[in-house]
Amino acid sequence: MSEDSTTTSSLWTYIETNLENRGLSTGDLSRATGVHRSRFTDWRRGKSINIDTARAIARLFEVSPLEVMVAAELITADEAQLKHTRPDPADLTDDELVAELRRRLKRLAN
């Protein structure tokens, strides 16, 4: 990946999306991974992460480490044989959406 400061890596796009969707901050990411926030700029620019960091990110986002490794371009989706299990929110019923909202609000309250 290019070091161009105007380009955002696929890993960072993945991280930002998941942080936003889960109501988490970069501070939460830093605490979960043990990585100082200053390193995030490197990730944004395309620097790679290691397997332990991918595992920590996966735990934070409650996903498979393979999903994170694919986002970080450490392996391809074909290599991971990754099957997306998260449904498109538009495909969920109203009851499923409400249940997910309750789950997230409960996690925020803790």
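Provided above is the structure to which this section pertains.
Below or above, wherever it landed, is the structure these notes cover. Computed from a prediction, not measured in an experiment: that's the story for all the values here.

**Quick word on the packing of aromatic side chains**
Logical step 1: In this structure the tally under the stated criterion is three aromatic pairs.
Logical step 2: Here the aromatic rings of Trp12 and Phe40 are separated by 5.6 Å at their centres, their planes lie at 35°, and the arrangement is tilted. With Trp12 in helix H1 (residues 10-22) and Phe40 in helix H3 (residues 38-44), this pair connects stretches of sequence that are 28 residues apart. Accessibility classification places Trp12 together with Phe40 in one group, the buried group.
Logical step 3: For the pair Phe40 and Trp43, a centre-to-centre distance of 5.1 Å together with 35° between the ring planes defines the contact as tilted. Of this pair, Phe40 and Trp43 both sit in helix H3, three residues apart, which is roughly one turn of that helix.
Logical step 4: By relative accessible area, which is 3% here, Phe40 ends up buried.

**Remarks on the side chain of Arg22**
Logical step 1: When you line up the elements, Arg22 lands in helix H1.
Logical step 2: Among buried Asp, Glu, Lys and Arg side chains, Arg22 stands out as unpaired, with Glu62 the closest opposite charge at 5.6 Å.

**Brief notes about the nonpolar core**
Logical step 1: Formed by 19 residues in total, the largest nonpolar core has its most connected members in Ile15, Leu29, Trp43, Ile49, Ile57 and Val68.
Logical step 2: Elements with a contribution of two residues or more to this core: H1, H3, helix H4 (51-61) and helix H5 (65-71).
Logical step 3: Considering every element that reaches this core, the biggest residue donor is H1, with five residues.
Logical step 4: Not counting the four nearest positions on each side in its chain, Leu29 is found in contact with Trp12, Ile15, Leu19, Phe40, Trp43, Ile57 and Leu60.

**So, the environment of Thr41**
Logical step 1: Tracing the sequence through the fold places Thr41 in helix H3.
Logical step 2: A relative accessible area of 30% places Thr41 in the partly exposed class.
Logical step 3: Separated by 33 residues in the primary sequence, Thr41 and Thr8 have C-alpha atoms spaced 9.6 Å apart.

**Structural notes on helix H2 (residues 26-33)**
Logical step 1: Along H2, the positions that sit buried rather than exposed are Gly27, Leu29, Ser30 and Thr33. Buried residues of H2 fall within an arc of 160° about the axis and therefore sit on the same side.
Logical step 2: Close packing links the buried residues of H2 with H1, H3 and H4.
Logical step 3: Near the N-terminus of H2, the side chain that reaches the backbone nitrogen of Gly27, with its oxygen 3.2 Å away, is that of Ser25.
Logical step 4: Gly34 lies just past H2 and shows a positive phi near 75°.

**Topic: unusual backbone geometry**
Phi is mostly negative for residues that are not glycine, and the peptide bonds are mostly trans.
Logical step 1: Non-glycine residue Glu62 carries a positive phi angle of around 60°.
Logical step 2: Relative to the helices and strands, Glu62 is located in the loop between H4 and H5.
Logical step 3: Judged by relative accessible area, which is 53%, Glu62 ranks as exposed.
Logical step 4: Even without being glycine, Glu73 reaches a positive phi, approximately 60°.
Logical step 5: Relative to the helices and strands, Glu73 is located in the loop between H5 and helix H6 (77-80).
Logical step 6: Here Glu73 falls in the exposed class, since its relative accessible area comes to 52%.

Quick notes on the rules
- Residues numbered from 1 in each chain as written.
- Predicted model: local features only at pLDDT ≥ 70, side-chain atom pairs only at ≥ 80, totals over all residues.
- Heavy atoms only, no water.
- Phe/Tyr/Trp six-rings, centres within 6.5 Å; stacked < 30°, edge-to-face > 60°.
- Helix = DSSP H or I, 4+ residues; strand = E, 2+ residues; numbered from the N terminus.
- Buried < 20%, exposed > 50% of the residue type's maximum accessible area, 1.4 Å probe, protein only.
- Lys, Arg positive; Asp, Glu negative; His and termini not counted.
- Salt bridge = Lys/Arg side-chain N within 4 Å of Asp/Glu carboxyl O.
- Core = buried A, V, L, I, M, F, W, Y, C linked by side-chain atoms within 4.5 Å.
- Contact = heavy atoms within 4.5 Å.
- Arc of directions from axis to C-beta.
- Polar contact = N/O pair within 3.5 Å; in protein donor to acceptor, adjacent residues only side chain to side chain.

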